[in-house]
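Listed here are the chains, written in short residue letters.
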Amino acid sequence: MTTPVRDQYGRPPAADPEPLPASAFDSHCHLDLVLGPVADVLDRAAAARITRVVTVGTDLPSCYTAVTTAADHDPVYAALAIHPNETARADGDAPRAGVMQELAELVALPQVRAVGETGLDYYWDDAPHDVQQDWFRAHIALAKQVGKPLMIHDRDAHEDILRILAEEGAPETVIFHCFSGDAELAKRCVDAGYLLSFAGVLTFGNAPQLREAAAVTPPGQLLAETDAPFLTPVPNRGKSNSPAQVAHTIRALAAIKQLDVAELCAILEATGQRVFGPW
């Protein structure tokens, strides 16, 4: 099967990156939305030395898809949650307790390695803030119940995210997916022991605050992701993203941290083993 010429947003595929000097992984993507068959996407990632991928479900149907994809493809693991922008719709479809029980049964599966992405999104107006907050608290409880990392979506909601984590008691491992704060917020998250995952936005010319945030984050608390098919890094910004493209973000992180790329790959792999593993 050939890769489609354009994705559902009308964007052509990004050119494949130069392979990394060592193996690494993509800590957050949406394989159900990425251009082309999953096997082809994973082959392209492997050619760039991206050997593992965490695919994320954002509502119950996509959670089932993520679980199946992870079961069918050895390099793939899943993270599952009701995305904050889906919480109002989820409330309308079924009782919340029933949705969370169904989600809990899926999260208990061995190929599922995190609860997420959950959190708060105050940029879009898809769900009232109080509804999002209630669902976020429920996901925090679930992550602690199953003993798996909590993967957070935080858009324009930094203070409420940190407040609710403090009020509920954070799980042992917390990942800020697609970290969007400044250096001051990064320091607060680092002090709390949280991990910060940087997406392709790190490479954008208009995101100096993210590079400053990465600069103050210890290497052992860093992750790299694509959020594919979104947020394609430079030099392919505007094209359709895929897990292979995280190689560009890893190189950007290495430059910021003044580390050899292979050294950063090894650090990221060790963090992945600790957080999502054993692989």
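Above: the structure in question.
(A) Seen up close, the packing of aromatic side chains. For the structure shown, the criterion picks out nine aromatic pairs. Taking the centre distance of 5.1 Å and the plane angle of 65° together, the rings of phenylalanine 25 and tryptophan 279 count as edge-to-face. Within this pair, whereas phenylalanine 25 is found in strand S1 (residues 24–29), its partner tryptophan 279 is found in the segment after helix H10 (261–276), the two being separated by 254 residues in sequence. Overall, phenylalanine 25 belongs to the buried group, its relative accessible area being 2%.

(B) The packing of helix H5 (residues 129–146) against helix H6 (residues 158–168), seen in detail. Two elements in contact, H5 and H6, have axes separated by 11 Å at closest approach and are oriented at 45°. On the basis of their axis angle, the class for H5 and H6 is oblique. Where H5 crosses over H6, the two elements pack in a sense that is right-handed. Facing Gln133, Phe136, Arg137, Ile140 and Lys144 of H5, the residues of H6 in contact are Asp160, Ile161, Arg163, Ile164, Leu165, Glu167 and Glu168. Residue composition of the contact of H5 with H6, grouped by class: five nonpolar, one polar and six charged.

(C) Up close: unusual backbone geometry. Geometrically, the link from alanine 228 to proline 229 is a cis peptide bond, its omega value of 15° lying close to zero. Positionally, proline 229 belongs in the loop between strand S8 (222–224) and helix H9 (246–257). For the peptide bond that leads from glycine 277 to proline 278, omega is 0°, which places it in the cis range. Phi is positive for cysteine 178, which is not a glycine, with a value near 45°. Note that cysteine 178 resides in the loop between strand S6 (174–176) and helix H7 (183–191). Looking at cysteine 178, the relative accessible area reads 17%, which means it is buried. A positive phi angle, close to 60°, is found at leucine 231, a residue other than glycine. Structurally, the position occupied by leucine 231 is in the loop between S8 and H9.

Parameters at a glance
- Residues numbered from 1 in each chain as written.
- Predicted model: local features only at pLDDT ≥ 70, side-chain atom pairs only at ≥ 80, totals over all residues.
- Heavy atoms only, no water.
- Phe/Tyr/Trp six-rings, centres within 6.5 Å; stacked < 30°, edge-to-face > 60°.
- Helix = DSSP H or I, 4+ residues; strand = E, 2+ residues; numbered from the N terminus.
- Buried < 20%, exposed > 50% of the residue type's maximum accessible area, 1.4 Å probe, protein only.
- Axes fitted to C-alpha atoms, helices over the stretch in contact; angles between N-to-C directions.
- Parallel < 35°, antiparallel > 145°, perpendicular 65-115°, else oblique.
- Left-handed = near helix turned anticlockwise from the far one by under 90°.
- Contact = heavy atoms within 4.5 Å.
- Nonpolar A, V, L, I, M, F, W, Y, C, P; charged D, E, K, R; others polar.

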